[in-house]
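# Coordinate inspection notes
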Amino acid sequence: MTSPMLHRLIEERLRTAVAAQLPEAPLASVQVRPCPEPKFGDYQANALMALAKARQMNPRRLAEAVLKDLDVTELCESVEVAGPGFLNFRLRTAAVGRAVGEAAGGAHLFYARSAAPRTVVVDFSSPNVAKPMHVGHIRSTILGDCLARVLRCLGHRVITDNHLGDWGTQFGKLLVGWKHHQDPAALATDPIGEMERLYKQVNTACERDPAMLEQARQELVKLQQGDAQNLALWREMIALSQRQFDTIYGRLGVRFDHTLGESFYNPRLPAVVQALVERGLARPSEGALVAFFETLPDLKDHPAIIQKSDGAANYTTTDLATLAYRQETWQPDEIVYVTDGRQQLHFKQLFAIFRQWRPETRLRLAHVWFGAILGEDGRPFKTRAGDTIRLADLLDEAEDRALRVVSEKSPDLPEAERREIARVVGLGALKYADLLPNRQSDYVFNWDKMLALNGNTAPYLQYAYARIRSIFRKLPDPAPGAAPATLELAAPEELRLAKHLLTFGLVLEAVAEEYRPNYLCNYLYELAGHFTGFYENCPVLKAPEPARGSRLALCALTAGVLRQGLDLLGIQTLEKM
RNA sequence: GCGCGAGUAGCUCAACUGGAUAGAGCGUCGGCCUCCGGAGCCGAAGGUUGUGGGUUCGACCCCCGCCUCGCGUACCA
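These numbers come from a predicted model, not from an experiment.

A few words on the sheet that holds strand E10 (residues 334-340). Through backbone hydrogen bonds, the strands of a sheet pair up, either in parallel or in antiparallel fashion. Pairing in this open sheet of 4 strands is parallel, and the strands run E6-E5-E10-E11 from one edge to the other. Edge positions in the sheet fall to strand E6 (157-161) and strand E11 (364-370), since each of these pairs with one other strand and no more. In this sheet, neighbouring strand axes are inclined to one another by 20 degrees on average, regardless of whether the strands run parallel or antiparallel. As paired strands, strand E5 (residues 119-123) and E10 are joined by 4 bridges and run parallel to one another. If you follow Val 122 over to E10, its bridge partner there is Val 336. Each of E5, E6, E10 and E11 is contacted by helix H5 (residues 138-153), which is oriented at about 160 degrees to E6, the strand it contacts most.

Structure below.
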């Protein structure tokens, strides 16, 4: 009867009872969820109302009938029909104590690995070669990494792939700049800055000098035709850029299983175009090859070009080739693309073409899009001079600001320790600020808010963790005895904390299902709040047994869930701060 | 024009398949230091969820109209 998640046990039994009453009813919708108000109970099921409605039954009568077939007596002290047909479950304290005791014994941490693991490709970050990573890359990188971590934690096979922008028309201009205007000293000290400068210089020149533009085109054509010198220079640009990416990803703790950039798919593009034309999915129009969507209302007026009039493929084609490659290579059940919301139309087109091209596929395709990061003025987040903010500078500033706070609050710590704390706190704050808002809304960037020690911030959660850890440092016996198998949960604050711990897995599943890490942020913040209530009202070290053992176990489990939850957000914890 | 998205407390944001009295932080006001980390805690005030209809036992959420803002809308990605 044991399980990391009590609600799941209740749910299974409820489904059995519903099936007895309504044998034909779909059981997936029958779910048990936490009550919004503790006064109603701990968990509720409201699916019966919908089932009754669809069958023109009296919802309360159905609920009462189901209740007769439902036996959860060892888990719940009461099950009631409430209001128009809610089913409210109130857990037995002993059942909570047992479940939490199992976790304290190391059996689980309130979540379960999926019974049906999927293979999921997560495509995120995707910076461009020869350009600095900037603030525009942070949300994709942080969100994608977090989703990959959560999916992995739940037992899915996750493949992360960084789809670099390493091909395209910009390389014609870059090659012109590299060959004629390069400053070797600058390239040695700041290769990305120098490449950026070269691109801007040539790009500006092209705008007023057709000869320059033509020269860039020639270099691009040579590159595309496999010119040895241009290929070598292009590879060097990629290598220099990759070093920058590695540095940033190293600081962020982000890693990729694969880095297959756009150029990897070049050899596959002609076959994709040919296949689409042969299947009648694309046809000539105004000199280009274009896919039309007459039967899809959303896309009726938005055809997609798959081959430009100059014969070159564009990003729709590259993405189709990428999609096909991933399907053939990894046989995923699901591919998740983490990009900003402006690409919604592109992904609608991409998915629509792919569905027509491979109608037999059961692949789940998800465009996980996010809003913009804005400055205090409500405009896109830029430097005071109006320039794009480099990601490296942003990370530096996060650490600098955190160091100032740490040095002010803990001046006695050695500098090396303060710097390490500042690194963890600063980066954690930055990531958390990105993960906390609903990803689909724009959010306003604010250093002071993200680094605050109160409110829903990473430093607050890290602080909560460190505070718990300090309790264990105060133990006279550094290796306390085993936690009790069943916790005593006499105080209301203990019970509330324990019940909240029980819902960790539910939240992780919601994050994975809807691709929304903010659920996890809010869960952890609530957990810290429940812990505070417990901590203020329930002495731990001075409590007599058996309360002391139970409370120590609650502390250890809260710390464990905080650490695990923050780790899933890509955020580190500290023993002291 | 069309499409997508947003509009929730003074500000920044939440709100878990439609579910019960829409919640936090900041700011404001008022409390709590003999106590395991005060980098803290407790409390109060603050709302016609842009607007007008509709569906429903029940709507921030679904449908229709309107207003405001952002983004996108065939050869950049």
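From this point on, the discussion continues.
Another point: the domain arrangement of chain A. Assigned domains within chain A: domain 1 (6-91) and domain 2 (170-252). With centres defined by C-alpha atoms, the gap from domain 1 to domain 2 works out at 63 Å.

Here the second largest pocket defines a volume of roughly 1,400 Å³. As for the second largest pocket, its lining consists of 44 residues, and the residues nearest its centre are Arg 33, Pro 34, Thr 503, Leu 506 and Val 507. Secondary structure elements with two or more residues in the lining of the second largest pocket: helix H1 (6-21), strand E1 (33-34), helix H18 (492-501), helix H19 (504-514) and helix H20 (518-537). For the lining of the second largest pocket, the element with the highest residue contribution is H19, accounting for 7 residues. Classifying every residue of the lining of the second largest pocket by side-chain character gives 18 nonpolar, 9 polar and 17 charged.

Before going further, it helps to spend a moment on the pairing of strand E3 (residues 76-82). Relative to strand E4 (residues 86-91), E3 runs antiparallel, the two sharing 6 bridges. In the strand pairing of E4, Ala 82 is matched with Phe 86. In this antiparallel pair of consecutive strands, E3 and E4, the connection spans 3 residues, and Gly 83 shows a positive phi of 50 degrees.

Our focus in this paragraph is the protein's contact with RNA strand B. Close contacts around RNA strand B come from 67 residues, with Lys 39, Lys 308, Asn 438, Lys 474 and Met 577 the closest. Among the atoms of RNA strand B lying within 4 Å of the protein, the sugar-phosphate backbone contributes 52%. Here a sugar or linking oxygen of RNA strand B and a side-chain polar atom of Glu 262 are 2.5 Å apart. For RNA strand B, a base nitrogen lies 2.5 Å from a polar atom in the backbone of Tyr 535. Counting residues per element, the ones that place at least two in the surface near RNA strand B are helix H2 (47-54), E4, strand E8 (288-291), helix H13 (344-357), strand E13 (443-444), helix H17 (458-473) and H20. Considering only residue class, the surface near RNA strand B consists of 29 nonpolar, 19 polar and 19 charged.

Okay, the packing of helix H6 (residues 170-181) against helix H9 (residues 210-224) next. Between H6 and H9, the shortest axis-to-axis distance is 7 Å and the interhelical angle comes to 105 degrees. The orientation of H6 with respect to H9, classified from their angle, is roughly perpendicular. Seen from H6, the contacting residues are Phe 171, Gly 172, Lys 173, Leu 175, Val 176, Lys 179, His 180 and His 181; seen from H9, they are Met 212, Leu 213, Gln 215, Ala 216, Glu 219, Leu 220, Lys 222 and Leu 223. Classifying every residue of the contact of H6 with H9 by side-chain character gives 8 nonpolar, 4 polar and 4 charged.

Cut-offs and rules
Residues numbered from 1 in each chain as written. Chains lettered and ligands numbered in written order. Predicted model: local features only at pLDDT ≥ 70, side-chain atom pairs only at ≥ 80, totals over all residues. Heavy atoms only, no water. Pairing = 2+ DSSP bridges. Helix = DSSP H or I, 4+ residues; strand = E, 2+ residues; numbered from the N terminus. Axes fitted to C-alpha atoms, helices over the stretch in contact; angles between N-to-C directions. Contact = heavy atoms within 4.5 Å. Domains from an automatic or database assignment. 1 Å grid on protein atoms, 1.4 Å probe; cavity = no way out; pocket = protein on both sides within 12 Å on 5 of 7 lines; lining within 4 Å. Points joined across faces, edges and corners; volume = space filled by probe spheres on them. Nonpolar A, V, L, I, M, F, W, Y, C, P; charged D, E, K, R; others polar. Near = heavy atom within 4 Å. Polar contact = N/O pair within 3.5 Å; in protein donor to acceptor, adjacent residues only side chain to side chain. Parallel < 35°, antiparallel > 145°, perpendicular 65-115°, else oblique.

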